[in-house]
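Letter by letter, the chains look like this.
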Amino acid sequence: MKNFLTMLKNGSVIGGIVMIIFYQIAFITIFMSGYSAIPRNMDELSIAIVNEDTKAGGQIAEQLQEQLPFKMVTNLPLEQAKEDLNNRDIHMILHIPADFSEKLAKQGDHPQLDFLINQSNPAMVTSTMDQISTQITNSLNQQFAVQGAEGILLKLNMPEDQAKELAAGIPTKVTPNVVYSNPVPNGMHNQMAPFFLTMVNYVGAMIFSMMVVGAMNMLKGKMGLWPAFWSAQGVNALVSLIGPLIGLTIYFLFQGGHGADTFVKMWLLHSLELFAAIEFMSIFSILLKDKAIFVNLSLMLIQTISSGAVLTYGMMDGFYKFFSHISIMFYTVQTEFSILYGGGKISEHLTGLIVMTVVSVLIVALSFKFISPDIKKEKEAISTAS
């Protein structure tokens, strides 16, 4: 019993118990609060209705705005809507062609509604939009037949007998034309690849940052403060350049289908991400020393939600939306979606990642200078010991 109690009181064992408790609190609290946005914030997804039909199209657009539980955008021309879709600012386009009413009025014709969906998005977004396109088509067919088809056709100055005859056949008249852009290969592993590849680098950076800060503190007494700092930055840059090659090579060997140019872009992106993550987490390693793991782990968990890999930006709660603007993982995941599968805002997201990197390096430098113990005293202590 005495030996048992001695072991239980050991600092390392106590630290391990604290981490077990902390992991549970951090993981469950952050994940439960973050992912509760599904399906609670589904109404934050946006659909653009582009109506080019001057007759029945206006009434259809009004009905959909009233019925659909999403953010409806109706003031965009088709080309602008396509650009916003590519940039992931909207999540689907419903296009009502100019000849929709004309084909609706013709017996035997099947007018199409165009649904444009960008697959370079979280899987939840694309699957939801797929379901909505089917629901909209079925709902419109039913509404035409049951609630207003005859009236709509009469407004087109069609004889009443002909309007009744056409209305009876409308339940299967309208057909969906779903157009996908930036297709993602089949398999959940492809949809989640941007998240997995980003996460593995970030976790590695979290561990490495603690080690490199420890090395800086150990060597600054011998080298001097700034030589130790710049030497560490050189090591960080070298590790960041070489480190991602291993994981990316494994991914590209498994997946295939991507060219050498895509590999190089992904390599440079993840090198920048790894360097930024090392610098960012080094801030807390300097300020909090061995307690930095509590902050760095919490920030990593928050970024798994604010990265936009599972929850698109529009669905996030306010805290996670705010955090995405200072999230290394958000900028990396969004850029990777565009590199691997297509999409816009690459320059915008890369700029955000570069800004995070530069700011983190500056804060690390200032923290290392002002938080570090007096080097002269350390050198005197070393001289005295020797």
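As the structure is a computational prediction, the values presented were derived from the model and not from experiment.

Asker: Mind showing me how you'd approach the overall build of the protein chain here?
Answerer: Secondary structure summary: the protein chain contains 17 helices and five strands in total. When the 386 residues of the protein chain are sorted by exposure, 47% land in the buried category. Sequence separation of 24 or more characterises 76% of the internal contacts of the protein chain that already satisfy a separation of 6 or more. Put simply, the protein chain shows about 19000 Å² of open surface, and 64% of that area lies on carbon and sulfur atoms.

Asker: I'm lost on the environment of glutamate 52 in this one. Help?
Answerer: Note on placement: glutamate 52 falls in the loop between strand E1 (46-51) and helix H4 (56-67). Counting along the chain gives 47 residues from glutamate 52 to aspartate 99, while the straight-line C-alpha distance between them is 8.2 Å. Here the side chain of glutamate 52 touches histidine 95 through a polar contact of 2.9 Å, side chain to side chain.

Asker: How should I be thinking about the packing of aromatic side chains in this particular structure?
Answerer: The description of an aromatic ring pair uses the distance of the two centres, along with the angle that the planes make with each other. Scanning the entire structure with this criterion turns up 17 aromatic pairs. Between phenylalanine 22 and phenylalanine 294, the ring centres sit 4.8 Å apart and the planes meet at 80 degrees, which makes this aromatic pair edge-to-face. Placement of phenylalanine 22 in helix H2 (residues 11-35) and of phenylalanine 294 in helix H13 (residues 292-306) is noted, with a sequence separation of 272 residues between them. According to the relative accessible area criterion, phenylalanine 294 is partly exposed, its value standing at 26%. Centre to centre, the rings of phenylalanine 195 and phenylalanine 196 are 6.1 Å apart; their planes meet at 55 degrees, and the pair counts as tilted. A cation over a ring is seen here: lysine 321 above tyrosine 313, with NZ or CZ 5.7 Å from the ring centre.

Asker: Whenever I open this one, the sheet that holds strand E4 (residues 112-118) confuses me. Can you help?
Answerer: The strands that make up a sheet pair up through hydrogen bonds in the backbone, lying either parallel or antiparallel. With respect to topology, five strands assemble into an open sheet ordered E2-E1-E3-E4-E5, the strand pairing being mixed. Looking at which strands have only one partner, the edges of the open sheet turn out to be strand E2 (71-73) and strand E5 (175-181). Averaged over all pairs of adjacent strands, the angle between strand axes in this sheet comes to 20 degrees, irrespective of strand direction. One ladder, built from seven bridges, connects E4 with E5; its direction is parallel. By the bridge assignment, aspartate 114 is partnered in E5 with asparagine 177.

Asker: Hey, could you run me through the packing of H2 against H13 in this one?
Answerer: The description of two helices packed together rests on the angle between their axes and the distance between the axes. One can describe the packing of H2 onto H13 by two numbers: an axis separation of 10 Å at closest approach and a directional angle of 25 degrees. Considered as vectors, H2 and H13 are oriented roughly parallel to each other. The chirality of how H2 crosses H13 is right-handed. Facing Val18, Met19, Phe22, Tyr23, Ala26, Phe27, Ile30, Phe31, Gly34 and Tyr35 of H2, the residues of H13 in contact are Ile293, Phe294, Leu297, Ser298, Leu301, Ile302, Thr304 and Ile305.

Asker: In this structure, what is going on with the side chain of serine 307? I would like to understand it.
Answerer: Following the sequence through the fold, serine 307 ends up in the loop between H13 and helix H14 (318-324). Within the structure, the side chain of serine 307 is placed 3.2 Å from the backbone oxygen of threonine 304, a separation counted as a polar contact. Dropping the residues within four chain positions of it, serine 307 is found in contact with Phe195, Met316, Met329, Phe330, Val333 and Gln334.

Asker: What's the story with the side chain of glutamine 303 in this structure? I'm lost.
Answerer: Here glutamine 303 shows up in helix H13. According to the relative accessible area criterion, glutamine 303 is buried, its value standing at 0%. Contact partners of glutamine 303, with chain neighbours within four places excluded, come to Tyr202, Phe280, Phe323, Ser327, Ile328 and Met329.

Asker: Honestly, the packing of helix H12 (residues 260-288) against helix H16 (residues 346-371) in this entry has me stumped. Any pointers?
Answerer: Here H12 crosses H16 at 30 degrees, and the two axes come no closer than 8 Å. Taken together, the axes of H12 and H16 are roughly parallel relative to one another. In the crossing of H12 with H16, the sense of the turn from one axis to the other is left-handed. Between H12 and H16, the residues in contact are Leu269, Leu272, Glu273, Phe275, Ala276, Glu279, Phe280, Ser282, Ile283, Ile286 and Leu287 and Leu350, Leu353, Ile354, Met356, Thr357, Ser360, Val361, Ile363, Val364, Ser367, Phe368 and Ile371, respectively.

Asker: Please explain H12 as it appears in this structure.
Answerer: Three or four residues apart is the spacing at which side chains of an α-helix point the same way, because the helix has 3.6 residues per turn. Between its terminal C-alpha atoms H12 stretches 42 Å, which fits the 42 Å expected from 29 residues at 1.5 Å a residue. Within two residues after H12, lysine 289 carries a phi angle of roughly 55 degrees, on the positive side.

Asker: Would you mind going over the pattern of salt bridges with me for this structure?
Answerer: Close approach of charged atoms allows side chains with opposite charge to pair. Within this structure, the stated rule accounts for five salt bridges. The shortest N-O distance in the salt bridge between lysine 71 and glutamate 44 comes to 3.0 Å. Of this pair, lysine 71 sits in strand E2 while glutamate 44 is found in the loop between helix H3 (37-40) and E1, placing the two residues 27 residues apart along the sequence.

Asker: Honestly, a nonpolar patch on the surface in this entry has me stumped. Any pointers?
Answerer: A contiguous nonpolar patch, built from Met1, Phe4, Leu5, Leu8, Ile17, Ile21 and Ile25 and spanning about 710 Å² of accessible area, is present on the exposed surface. Contributions of two or more residues to the nonpolar patch are made by helix H1 (2-8) and H2. Following the sequence through the fold, leucine 8 ends up in helix H1. Relative accessible area serves as the criterion here: at 38%, leucine 8 is assigned to the partly exposed category.

The rules we used
Residues numbered from 1 in each chain as written. Predicted model: local features only at pLDDT ≥ 70, side-chain atom pairs only at ≥ 80, totals over all residues. Heavy atoms only, no water. Helix = DSSP H or I, 4+ residues; strand = E, 2+ residues; numbered from the N terminus. Buried < 20%, exposed > 50% of the residue type's maximum accessible area, 1.4 Å probe, protein only. Contact = heavy atoms within 4.5 Å. Areas by Shrake-Rupley, 256 points an atom, 1.4 Å probe, with all protein chains shown as cover. Polar contact = N/O pair within 3.5 Å; in protein donor to acceptor, adjacent residues only side chain to side chain. Phe/Tyr/Trp six-rings, centres within 6.5 Å; stacked < 30°, edge-to-face > 60°. Lys NZ or Arg CZ within 6 Å of the ring centre and 35° of its normal. Pairing = 2+ DSSP bridges. Axes fitted to C-alpha atoms, helices over the stretch in contact; angles between N-to-C directions. Parallel < 35°, antiparallel > 145°, perpendicular 65-115°, else oblique. Left-handed = near helix turned anticlockwise from the far one by under 90°. Expected span 1.5 Å × (residues − 1). Salt bridge = Lys/Arg side-chain N within 4 Å of Asp/Glu carboxyl O. Patch = residues over 30% accessible without salt bridge, like charges linked within 9 Å, V, L, I, M, F, W, Y side chains within 5 Å.

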